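Understanding the architecture of this molecule
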Amino acid sequence: MCEKEGAGDNVLPETPIDKALLEQLICSPCISVCVLDAPTGFCKGCWRTVDEIAQWPKLMRHQRLEILGRLAERRGATSLTDRGRGPMLAAD
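Let us look at the layout of surface pockets. For the largest pocket, the calculated volume is near 280 Å³. For the largest pocket, the lining is made up of 14 residues, of which Pro29, Ile31, Arg75, Asp82 and Arg83 are closest to its centre. Among the residues making up the lining of the largest pocket, the classes are represented as eight nonpolar, three polar and three charged.

Rendered as structure tokens:
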């Protein structure tokens, strides 16, 4: 916890952190465009497969990062934060 200058003894004690919760803090890539592209099997909004979408809530942080890496490749992105081609909406 950060301490403000001059706060002295009035600093709150640190709260224990639930490590299992921290493992899950990678948000879903869903953008609420939930339509599957028949030829590829990918969601047109987030580029995940049906299996990846169904498994997401149960996955640990490292597994979510693996999926995000695959999504970046599918979108033609150069990094996890690069949007690449973005959603597949132009073909509709």
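When pLDDT is averaged along the protein, the result is 79; 70% of the residues meet or exceed 70. Helix 2 (residues 50-55) holds the highest mean pLDDT among the elements of the protein, 97, whereas helix 1 (residues 19-23) holds the lowest, 63. The low-confidence segment residues 1-7, where pLDDT is below 50, has four contacts with residues more than four positions distant or belonging to other chains.

As a further point, take helix 3 (residues 61-75). Taking 1.5 Å per residue, 15 residues should reach 21 Å; helix 3 reaches 21 Å between its end C-alpha atoms and fits that length. The set of residues buried in helix 3 consists of Arg64, Ile67, Leu68, Leu71, Ala72, Arg74 and Arg75. Taken around the axis of helix 3, the buried residues stretch over an arc of 160°, which confines them to a single face. Against the buried residues of helix 3 lie helix 2. Taken from the residues just after helix 3, glycine 76 is the one with a positive phi, measuring 75°.

On to the state of the cysteines, then. The full count for this structure, using the stated rule, is zero disulfides. Cysteine 30 supplies the cysteine sulfur nearest to cysteine 34, a cysteine that is in no disulfide, at a spacing of 4.0 Å. Residue cysteine 34 is classed as exposed on the basis of its relative accessible area of 61%.

Considering soluble globular proteins, one finds that nonpolar side chains tend to be buried as a cluster. Grouped together as the largest cluster of nonpolar side chains are nine residues: Ile26, Phe42, Trp47, Trp56, Leu59, Ile67, Leu68, Leu71 and Met88. Residue contacts for phenylalanine 42: discarding those within four places in its chain leaves Val35, Leu36, Asp37, Trp47, Arg48, Thr49, Arg74 and Met88.

The next thing to look at is the environment of cysteine 27. Tracing the backbone shows cysteine 27 in the loop between helix 1 and helix 2. With a relative accessible area of 64%, cysteine 27 lands in the exposed category. For the pair cysteine 27 and arginine 64, spaced 37 residues apart in sequence, the C-alpha separation works out to 8.8 Å.

Rules and cut-offs
- Residues numbered from 1 in each chain as written.
- Predicted model: local features only at pLDDT ≥ 70, side-chain atom pairs only at ≥ 80, totals over all residues.
- Heavy atoms only, no water.
- 1 Å grid on protein atoms, 1.4 Å probe; cavity = no way out; pocket = protein on both sides within 12 Å on 5 of 7 lines; lining within 4 Å.
- Points joined across faces, edges and corners; volume = space filled by probe spheres on them.
- Nonpolar A, V, L, I, M, F, W, Y, C, P; charged D, E, K, R; others polar.
- pLDDT = per-residue confidence, 0-100.
- Helix = DSSP H or I, 4+ residues; strand = E, 2+ residues; numbered from the N terminus.
- Contact = heavy atoms within 4.5 Å.
- Expected span 1.5 Å × (residues − 1).
- Buried < 20%, exposed > 50% of the residue type's maximum accessible area, 1.4 Å probe, protein only.
- Arc of directions from axis to C-beta.
- Disulfide = S-S within 2.5 Å.
- Core = buried A, V, L, I, M, F, W, Y, C linked by side-chain atoms within 4.5 Å.

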